[in-house]
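Structure assessment
As a plain string of letters, each chain reads:
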Amino acid sequence: MLSWEVIEEIKKTALNELENITSERDWVELKAKYLGKKGKLQDLLKMLPTVSQEERKSLGSQVNEVKDLLENLFSDKLQEIKLSLKKQKIFEKKVDITLPSKRYSRTGRVHPLNRVTSEILDIFSSLGFEVEEGPEIEEDYYNFEALNIPKEHPARDMQDTFYIDESRLLRTHTSPVQIRVMEKRQPPLMVVCPGKVYRRDSDVTHSPMFHQIEGFMVDKEVSFSHLKGVLTEFLQAFFGKEKNVRFRPSYFPFTEPSAEVDIECVVCEGKGCRVCKGSGWLEVLGCGMIHPYLFSVVGYDKSVYSGFAFGLGVERLTMLKYAIDDIRLFYEGNVSFLEQL
Ligand code: PHE
């Protein structure tokens, strides 16, 4: 029988049930249960004709009030459910700012030749050498003449030169920097000069452009033992303390006496292999006592001063240290190669 109590009872349970749902699915079901076409409120309305005329009006409007109330509360509830779902999603997706970031594998880095150059310069500066540089476009005078290599000297054949005109060329070695530094400064001098040099030469171990580091020391009473001491110290710092070093007599027009320096083969440790052509030794640089002719050229008193000089190839040293067999790899910009070193 439809009555005020029955309507109130349905309202009470509806509110109760609405209070307890948390998902959209439950909400849809519950809404159908009370407000749907076959829902409880519809049932109540259907029962109206069974009550007396007087009661019908007030009970009818009571049912409609409850219906309006529930409709409002249901739509509020839906907003509430959606909001809490959103909050939950945000919480789940929360960024943990303490996690390490993604690694970018293809970032730039220092080229192996530049790395080895700084490594070499670091060793020499720890021994007290300063760094000086000279021009790549050089005068014939500094590249040859002042270094005791006159015009018709056969030593000019040792290096194939890129000439720009009669008197200018691309320097074939860093030795001209010796003259340039000595011209403008007075001893004592301990200087290293890194830079590009150029020769008409190209194969797996030669490139028309490559890098050298020149070094020299001038002072009173500089002897061959200073030369041996400095270069042995450098080579063992670069290749490893345990490596043996040997000095072989050689010839350069700008040093006298001259020597070539070998280091125990880095591949076979002196036993003899393909890399050292069975000798157990690898030639790594040229050196000698600065020829007195150079001192007369720059105006130093050769009876007071003496000095030593050396020149090394950065590519060659890098190739030996890292077992690289093709010099062209340095200039191709192949990221996979560059990343390995
Ligand atoms: N300038 C010589 C060269 O290229 C190397 C060298 C430098 C030798 C200094 C002796 C002294 O090849």
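Only a predicted model underlies this, so the values are computations on that prediction, with no experimental measurement involved.

Next up on the list: the overall build of the protein. For the protein, the count of helices and strands is 11 helices and 9 strands. For the protein, whose C-alpha radius of gyration is 45 Å, the value lies well above the compact-globule estimate of 20 Å for 341 residues. By principal-axis analysis of the C-alpha atoms, the protein measures approximately 140 × 45 × 35 Å. Residues counted as buried form 42% of the 341 residues belonging to the protein. Taking all contacts inside the protein whose residues are at least 6 apart in sequence as the whole, residues at least 24 apart take part in 66%. Carbon and sulfur atoms make up 52% of the accessible area of the protein, which amounts to about 19,700 Å² in all. On the protein, the mean spot of the 47 positive side-chain charges and the mean spot of the 53 negative ones are 8 Å from each other.

In this section: the environment of Gln340. Relative to the elements of secondary structure, Gln340 occurs in helix H11 (residues 335-340). Gln340 gets classed as exposed once you look at its relative accessible area, which sits at 66%. Expressed as a C-alpha distance, the spacing of Gln340 and Gly307, which sit 33 residues apart in the sequence, is 40 Å.

Segmenting the protein into domains produces domain 1 (4-92) and domain 2 (112-339). Between the C-alpha centres of domain 1 and domain 2 there is a distance of 95 Å.

So, on to the packing of helix H8 (residues 224-239) against helix H10 (residues 314-322). Two numbers describe how H8 lies on H10: the axes approach to 11 Å, and their chain directions differ by 45°. For the element pair H8 / H10, the angle class is oblique. Along its contact with H8, which presents Phe234, Phe238 and Phe239, the element H10 presents Leu317, Leu320 and Lys321. Across the contact of H8 with H10, the residue classes break down as 5 nonpolar, no polar and 1 charged.

That bond from Pro187 to Pro188 is cis: its omega, 5°, falls within 30 degrees of zero. Note that Pro188 resides in the loop between helix H7 (176-184) and strand E4 (189-198). Note the cis peptide between Glu256 and Pro257, where omega equals -5°. Within the fold, Pro257 resides in strand E7 (residues 255-264). At Glu269, a position not held by glycine, the phi torsion is positive, near 55°. With respect to the helices and strands, the residue Glu269 is situated in the loop between E7 and strand E8 (281-290). Its identity is not glycine, yet Ala323 carries a phi of approximately 50°, on the positive side. For Ala323, the location among the structural elements is in the loop between H10 and H11. Ala323 sits in the exposed class, given a relative accessible area of 64%.

Conventions used here
- Residues numbered from 1 in each chain as written.
- Predicted model: local features only at pLDDT ≥ 70, side-chain atom pairs only at ≥ 80, totals over all residues.
- Heavy atoms only, no water.
- Helix = DSSP H or I, 4+ residues; strand = E, 2+ residues; numbered from the N terminus.
- Rg over C-alpha atoms; globule rule 2.2 N^0.38 Å.
- Buried < 20%, exposed > 50% of the residue type's maximum accessible area, 1.4 Å probe, protein only.
- Contact = heavy atoms within 4.5 Å.
- Areas by Shrake-Rupley, 256 points an atom, 1.4 Å probe, with all protein chains shown as cover.
- Lys, Arg positive; Asp, Glu negative; His and termini not counted.
- Charge placed at Lys NZ, Arg CZ, Asp CG, Glu CD.
- Domains from an automatic or database assignment.
- Axes fitted to C-alpha atoms, helices over the stretch in contact; angles between N-to-C directions.
- Parallel < 35°, antiparallel > 145°, perpendicular 65-115°, else oblique.
- Nonpolar A, V, L, I, M, F, W, Y, C, P; charged D, E, K, R; others polar.

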